[in-house]
Amino acid sequence: MFWVPLLLLAWAAAGLSCGRLCLAASRAAVQEKSAARGHELTLYEAAFLSGGPSRVADVTLVAMARARRLLIAHTGWATVVDPVGRDDMERSVLGAIGPGGQSPIAPVRRGAAAADPVRALADRLVTAGLAVPDGIGSGVAAAVRQVRAATAVVLALGAVAVLMPAQGRAAVGQVPVAVWFGLPLLLCVACLLIARVEVHPYTRWASPAGQRLLGALAWRGEELTAVAVRGVRAAGDPGLRAAFSHRPHRETTHRGH
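1. Some words on the confidence of the model for the chain
Close inspection of predicted coordinates is inappropriate for parts of the model with low pLDDT.
Then step 1. Here the chain averages 83 in pLDDT, while 81% of its residues score no lower than 70.
Then step 2. The model gives residues 250-257 a pLDDT under 50, and that stretch makes ten contacts with residues more than four places away or in other chains.

Set out below in structure tokens:
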């Protein structure tokens with residue numbers, strides 16, 4: 001009967017991990033049910049759901065450059081032409097550029113992405129059930145990984161119990177030892193199968209409802225929409241793409257215009 005403590009350990013690993021997965025899945029289900037119906041994404045919302053705060057800053061910069069209210073040089077510098085922002089996002093970009101009216105793009109992106117308007121946008125999307133709240137998506141993924149680890153633990157403990165001297169053929173109520181370990185193993189495998197079918201995949205930013213809205217964008221042919229969904233690499237202007245990918249050397253002091 002030396003295998004009984006091993007069986008208890010196997011049940012503990014299976015029960016705790018499967019319980020955590022069920023709890024994480026139930027929280028995700030509540031988030032899915034709370035998703036807003038009939039919501040039409042704005043450009044900034046699509047950008048956030050596709051790439052998070054930095055994508056919102058990128059879309060704002062590209063939109064201002066297309067409107068000739070901001071000059072973006074291929075060397076990675078932004079110069080203000082019109083100092084009046086049309087909305088909170090543009091005002092955040094102008095504030096990140098600073099009173100000098102010129103700045104490298106990298107700190108502008110960081111400053112605009114961390115500004116209050118982007119945080120407010122994120123909160124609205126989470127409330128609408130379209131964005132992933134902190135911990136939901138990662139919690140489900142972590143719970144699935146824990147169940148997988150528990151499955152390996154149950155297999156290992158079962159193998160040890162079966163291979164113990166005179167234990168492989170031992171039985172309780174004429175039930176072989178391997179069968180007793182098969183029960184927690186069955187629990188783990190069943191939870192993994194159910195999670196694969198029932199638990200929707202979460203991206204870093206968009207919930208399943210948000211992903212559906214992104215896939216159904218009616219204006220996906222527009223350049224700004226393409227930038228919002230796929231990033232600056234989708235911009236038609238090669239100069240813009242070069243500006244956002246530019247990595248100046250530390251000793252470089254020249255400012256592009």
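From this point on, the discussion continues.
2. Here's the deal with the side chain of Ser17
Then step 1. Note on placement: Ser17 falls in helix 1 (residues 4-33).
Then step 2. Taking relative accessible area as the criterion, Ser17 reaches 1% and is therefore assigned buried.
Then step 3. With near-sequence residues (within four places) excluded, Ser17 lies in contact with Gln146, Val147 and Ala150.

3. Here we look at the pairing of strand 2 (residues 77-80)
Then step 1. Sheet topology note: the strand 1 (residues 70-72)/strand 2 ladder contains three bridges and is antiparallel. Its bridge partner lying in strand 2, Ile72 is registered against Ala78.
Then step 2. Sheet analysis places strand 2 next to strand 3 (residues 102-104), joined by three bridges and oriented antiparallel. Bridging across to strand 3, Ala78 finds its partner in Ser103.

4. Some words on a nonpolar patch on the surface
Then step 1. Together, Trp11, Leu183 and Leu187 line one region of the surface with nonpolar side chains, adding up to about 250 Å² of accessible area.
Then step 2. The topology assignment puts Trp11 in helix 1.

5. A look at unusual backbone geometry
Then step 1. Residue Arg68 is not a glycine yet carries a positive backbone phi of 60°.
Then step 2. Along the polypeptide, Arg68 turns up in the loop between helix 3 (53-66) and strand 1.
Then step 3. On the basis of relative accessible area, Arg68 is assigned to the exposed category, the value being 60%.

6. What about the nonpolar core?
In a soluble, globular protein the nonpolar side chains are often hidden away together inside.
Then step 1. Counting residues in hydrophobic clusters, the biggest one holds 43 residues, and the most contacted among them are Phe48, Leu49, Val56, Leu61, Ile72 and Phe244.
Then step 2. A total of eight residues in this core trace back to one element, the largest contributor, which is helix 3.
Then step 3. Ignoring anything within four residues of it in the chain, the contact list for Phe48 reads Pro53, Val56, Val118, Leu121, Ala122, Leu125, Ala131 and Trp205.

About the cut-offs
Numbering of residues begins from 1 in every chain and follows the order in which that chain's sequence is written. Side-chain atom pairs in this predicted model are given and counted only at pLDDT of 80 or more, local residue features only at pLDDT of at least 70, and totals for whole chains, interfaces and linings cover all residues. Excluding hydrogens and water, the side-chain figures rest on all heavy atoms present in the structure. A residue's pLDDT is the confidence the predictor assigns to it, expressed on a 0 to 100 scale. Here, residues are in contact when the closest pair of their heavy atoms is within 4.5 Å. Helix and strand labels come from DSSP, where a helix needs a run of H or I of at least four residues and a strand needs a run of E of at least two; each type is numbered from the N terminus. Only protein chains enter the accessibility calculation, which uses a 1.4 Å probe. A residue is then buried if its area is under 20% of the maximum for its type, exposed if over 50%, and partly exposed in between. Strand pairing is assigned whenever DSSP identifies at least 2 bridges connecting the two strands. A patch consists of residues exposed above 30% relative accessible area that lack any salt bridge, with like charges linked at up to 9 Å and nonpolar side chains (Val, Leu, Ile, Met, Phe, Trp, Tyr) linked at up to 5 Å. In short, Shrake-Rupley with a 1.4 Å probe defines the accessible areas, and a residue's cover is counted only from the protein chains shown. Any Lys or Arg side-chain nitrogen found within 4 Å of a carboxyl oxygen on Asp or Glu counts as a salt bridge. Grouping buried Ala, Val, Leu, Ile, Met, Phe, Trp, Tyr and Cys residues that are joined through side-chain atoms within 4.5 Å yields what is termed a nonpolar core.

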